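This is what each chain is made of:
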Amino acid sequence: AALREGYEHFDPRAYLRNNYLPPRADFSSEEFVVPWKLRCLAETFASGEIRGRTLIDVGSGPTIYQLLSACDHFEEIVATDYLAVNREELGRWARGEPGAFDWSPFIQHVCKIEGRGEPWQDKERRLRQRLRRILPIDVHRPEPLGAPLRPPADALLSAFCLEAVSPDRAAFVRALAHVGNLLRPGGHALLLGALGESFYLAGPARLPVVPLEESDVREALAAAGFALRELRSYAMPPALRTGVDDVEGVFFAHAQK
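Residues numbered from 1 in each chain as written. Predicted model: local features only at pLDDT ≥ 70, side-chain atom pairs only at ≥ 80, totals over all residues. Heavy atoms only, no water.

**Q** Sorry if this is basic, but what is going on with the nonpolar core here?
**A** In summary, soluble globular proteins display a tendency toward joint burial of nonpolar side chains. One finds Tyr65, Trp103 and Phe106 to be the most contacted residues of the largest nonpolar core, which totals 90 residues. Of the residues forming this core, the biggest block, eight residues, is contributed by helix α3 (residues 33-46). Setting aside residues up to four positions removed in sequence, Tyr65 forms contacts with Tyr20, Lys37, Leu38, Trp103, Phe106, Ala159, Phe160 and Leu192. (Core = buried A, V, L, I, M, F, W, Y, C linked by side-chain atoms within 4.5 Å. Buried < 20%, exposed > 50% of the residue type's maximum accessible area, 1.4 Å probe, protein only. Helix = DSSP H or I, 4+ residues; strand = E, 2+ residues; numbered from the N terminus. Contact = heavy atoms within 4.5 Å.)

Given below as structure tokens:
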């Protein structure tokens, strides 16, 4: 209940300014956090192993960068978020409305690292075509979408959601198991998340986060019925510790149900 109340004050635009503009969204070097996240996703999808009909993005927030490499490998992408303000922000971008957040530097960077020589506008168009549904979700319910996804998703992606909406590690494990219910057996899960973070700011909202270590991520995935395939981590450099959170690092996990 306390978390729900805090998120009523969440400001999507403030969140985007804090995390997806410079200095954090600096594409001049692979040493910065946003290029690191994009490379983790690009390299994992480049294997060709993770593909299918449907990918569900759990807790999309107001962001689409996490879907840029995924959109080449699925017929449909389902974005989800608990907050209507975030679903509205995603909808503005998906419809190409004036005033939507400008993701073009992210799209251009992903096209560059994927190295296929594709015009970035083609990838933008493809993601908009395949982002067909933006649904409400509550990861604390055994059926997060209110009913089972039929057929279950072939893959699951979640970036900076579960640790930010769980009051403790036990709730984090339960939420991971709940979203796992959306995935077919053998389906892949890709997670990006915060390490050592206890809070972040989004406008007037100061939101608590479960501080995780790599060992917590490993244990939570196992407890939720996933087999870990890969775990990478990134240490947040001092220059990117801007006061909008107290994050120490970022993890990227690839697991299989």
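More follows now that the structure is in view.
**Q** Help me out: how do you make sense of the sheet that holds strand β1 (residues 52-58) in this one?
**A** The strand order β3-β2-β1-β4-β5-β9-β8 describes an open sheet built from seven strands, whose pairing is mixed. Whereas interior strands pair on both sides, the edge strands pair on one side only; in this sheet they are β3 (131-136) and β8 (227-235). The mean angle between the axes of side-by-side strands here comes to 15 degrees, regardless of whether they run parallel or antiparallel. In terms of strand pairing, strand β5 (residues 183-195) meets strand β9 (residues 249-256) through eight bridges, oriented antiparallel. Counted as the bridge partner of Leu190 is His254 from β9. Each of β1, β2 (74-81), β4 (153-159), β5, β8 and β9 is contacted by α3, which is oriented at about 10 degrees to β9, the strand it contacts most. (Pairing = 2+ DSSP bridges. Axes fitted to C-alpha atoms, helices over the stretch in contact; angles between N-to-C directions.)

**Q** Looking at this structure, how should I read the environment of Leu127?
**A** Here Leu127 lies in helix α6 (residues 120-130). For the pair Leu127 and Pro12, spaced 115 residues apart in the sequence, the C-alpha separation amounts to 21 Å. The residues contacting Leu127, other than those within four sequence positions of it, are Ile64, Leu67, Leu68, Cys71, Ile77 and Trp93.

**Q** What is the right way to look at the packing of α3 against helix α5 (residues 104-114) in this model?
**A** Helix-helix packing: each pair is described by the crossing angle between the helix axes and the interaxial distance. Remark: α3 packs on α5, axes separated minimally by 10 Å, with the N-to-C direction vectors making an angle of 50 degrees. Viewed along their axes, α3 and α5 adopt a mutual orientation that is oblique. Where α3 crosses over α5, the handedness of that crossing is right-handed. Contact residues: Val34, Pro35, Leu38, Arg39 and Ala42 in α3; Phe106, His109, Val110, Ile113 and Glu114 in α5. Of the residues in the contact of α3 with α5, the class split is seven nonpolar, one polar and two charged. (Parallel < 35°, antiparallel > 145°, perpendicular 65-115°, else oblique. Left-handed = near helix turned anticlockwise from the far one by under 90°. Nonpolar A, V, L, I, M, F, W, Y, C, P; charged D, E, K, R; others polar.)

**Q** Mind showing me how you'd approach the packing of aromatic side chains here?
**A** Both the distance between ring centres and the angle between the ring planes are used here to describe each pair of aromatic rings. For the structure shown, the criterion picks out 14 aromatic pairs. Each ring, one from Tyr65 and one from Phe106, has its centre 6.4 Å from the other, and the planes form 40 degrees; the classification is tilted. With Tyr65 in the loop between β1 and β2 and Phe106 in helix α5, this residue pair connects regions lying 41 residues apart in the sequence. Relative accessible area serves as the criterion here: at 2%, Phe106 is assigned to the buried category. (Phe/Tyr/Trp six-rings, centres within 6.5 Å; stacked < 30°, edge-to-face > 60°.)

**Q** In this structure, what is going on with helix α4 (residues 84-94)? I would like to understand it.
**A** The periodicity of an α-helix, 3.6 residues per turn, causes residues three or four positions apart to be oriented the same way. When α4 is considered as a whole, its buried residues turn out to be Asn86, Glu89, Leu90, Gly91, Trp93 and Ala94. On the buried face of α4, the contacting elements are α2 (12-20), β2, α5, α6 and β3. Of the residues flanking the end of α4, it is Gly96, one or two places downstream, whose phi is positive at about 70 degrees.

**Q** How should I be thinking about the side chain of Glu163 in this particular structure?
**A** Among the secondary structure elements, Glu163 is positioned in the loop between β4 and α7 (169-180). In this structure Glu163 is buried but unpaired, with Lys37 as the nearest side chain of opposite charge at 9.6 Å. When near neighbours in sequence (up to four residues on either side) are disregarded, Glu163 contacts Phe172, Leu192, Gly193, Ala194, Val209, Val210 and Leu212. (Lys, Arg positive; Asp, Glu negative; His and termini not counted. Salt bridge = Lys/Arg side-chain N within 4 Å of Asp/Glu carboxyl O.)

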